[in-house]
Amino acid sequence: MSRKKAVKGRGSSKSPKSSPSSGRTGKGLAAAAAPSSGLVYPSRPSISNSGEFYDIAFKVMLVGDSGVGKTCLLVRFKDGAFLAGSFISTVGIDFRNKVMSIDAVKVKLQIWDTAGQERFRSVTHAYYRDANALLLLYDVTNKASFDNIRAWLTEIHEYAQQDVVVMLLGNKADSTHDRAVKREEGEKLAKEFGVPFMETSAKSGLNVELAFTAVAKELKHRTMKEPDEPKFQLQEYVNKEMRTAGCCRS
Ligand SMILES: Nc1nc2c(ncn2[C@@H]2O[C@H](COP(=O)(O)OP(=O)(O)OP(=O)(O)O)[C@@H](O)[C@H]2O)c(=O)[nH]1
Ligand SMILES: [Mg+2]
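None of these values were measured; they are calculated from a predicted model.

Student: I keep staring at helix α4 (residues 149-159) and nothing clicks. Help me out?
Tutor: Turn by turn, an α-helix covers 3.6 residues, leaving residues three or four places apart pointing in a common direction. Turning to α4, its buried residues are Ile 149, Trp 152 and Ile 156. Angularly, the buried residues of α4 cover 55 degrees about the axis, an arc narrow enough to put them on a single face. Of the exposed residues in α4, those oriented more than 90 degrees away from the buried face are Arg 150, Ala 151, Thr 154 and Glu 158. Contacts from the buried residues of α4 go to β3 (56-64), α2 (121-128), β6 (133-139), α3 (143-147), β7 (165-171) and α5 (183-193).

Structure representation (structure tokens):
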């Protein structure tokens, strides 16, 4: 397998015509051109800039109501930091790349951070079809964001590819005093829709790496699975990892 080089930094994909800028600075794209393809195949020539080598690449989108913590989750995953302070709502769409090592394969995730605000919904729709995976977030301290998950799933079914990997995340699990949605409610909803589920915290870092690793593993297995290899069981993997870490049962 030929190994390619990942384009480093943010907003540097060649797919959209113009580079998305940072949502945190309020300069994101209100109407970015949608990327032209999803999976980057190993045989394809790559753009070489300064950056890490990778074998396969996938597009992952973060979706959910405004304020649920999509941008913070991405920043925690990419930079290991929490964006405390005043909330700056993402404008349009933004992306960051991260290369992960999955079973000795370098997997590049191009992670698209969308604006949760209704007025940007048409921009987000244009990106769904190229997403290989969607991380759908609600805020465990905000019941409305949980109630809106059904509408988000309807939207996903309408605009995304049929085989898109969807994972439901209940974010802000650190906020025990303000909790408005029980973990069991999240589990029940996820079961109803047949999607894997876990709670996360961009603030404490709880399960953030695990969420992205699980999705990367699923996508990598789908692409590179040997004929006699059993199917990767995402929820089983997540449950096992959480048990091992002893992290999530409060
Ligand atoms: N306690 C706690 N606060 C969080 C967490 N994640 C995000 N926040 C806070 O929630 C607010 C919104 O976070 P963002 O990441 O900007 O939300 P968003 O989903 O990107 O919102 P939009 O860009 O408008 O769609 C900010 O004030 C964050 O500091 C978390 O895990 N725990
Ligand atoms: Mg945001």
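From this point on, the discussion continues.
Student: It is not clear to me how unusual backbone geometry should be interpreted in this structure. Could you clarify?
Tutor: When glycine is set aside, most residues are seen to have a negative phi, and most peptide bonds are trans. Positive phi values are uncommon outside glycine, yet Ala 104 reaches one of about 70 degrees. With respect to the helices, strands and loops of the structure, Ala 104 is situated in the loop between β4 (93-102) and β5 (105-114). On the basis of neighbour count, Ala 104 is assigned to the exposed category, with 6 C-beta atoms found within 10 Å. Even without a glycine there, the phi angle at Lys 172 is positive, about 70 degrees. Structurally, Lys 172 can be placed in the loop between β7 and α5. You can call Lys 172 buried: it has 28 C-beta atoms within 10 Å.

Student: Help me understand the pairing of β7, please; the structure alone is not making it clear to me.
Tutor: Successive side chains on a regular strand alternate, one facing one side of the sheet and the next facing the other. For β7, a buried count of 7 out of 7 residues is recorded, marking the element as mostly surrounded by other parts of the structure. Pairing geometry for β6 and β7, over 7 bridges, is parallel. Looking at β7, one finds that Asp 139 is bridged to Asn 171. Sheet topology places β7 next to strand β8 (residues 197-199); 3 bridges connect them, and they run parallel. Bridge pairing links Leu 169 to Met 198 in β8. In this view, the connection linking β7 to its parallel neighbour β8 by way of α5 has right-handed handedness.

Parameters at a glance
Residues numbered from 1 in each chain as written. Chains lettered and ligands numbered in written order. Predicted model: local features only at pLDDT ≥ 70, side-chain atom pairs only at ≥ 80, totals over all residues. Buried ≥ 20, exposed ≤ 12 C-beta atoms within 10 Å, placed from the backbone. Helix = DSSP H or I, 4+ residues; strand = E, 2+ residues; numbered from the N terminus. Arc of directions from axis to C-beta. Contact = placed C-beta atoms within 7 Å. Pairing = 2+ DSSP bridges. Right-handed = clockwise from strand over helix to strand, strands pointing away.

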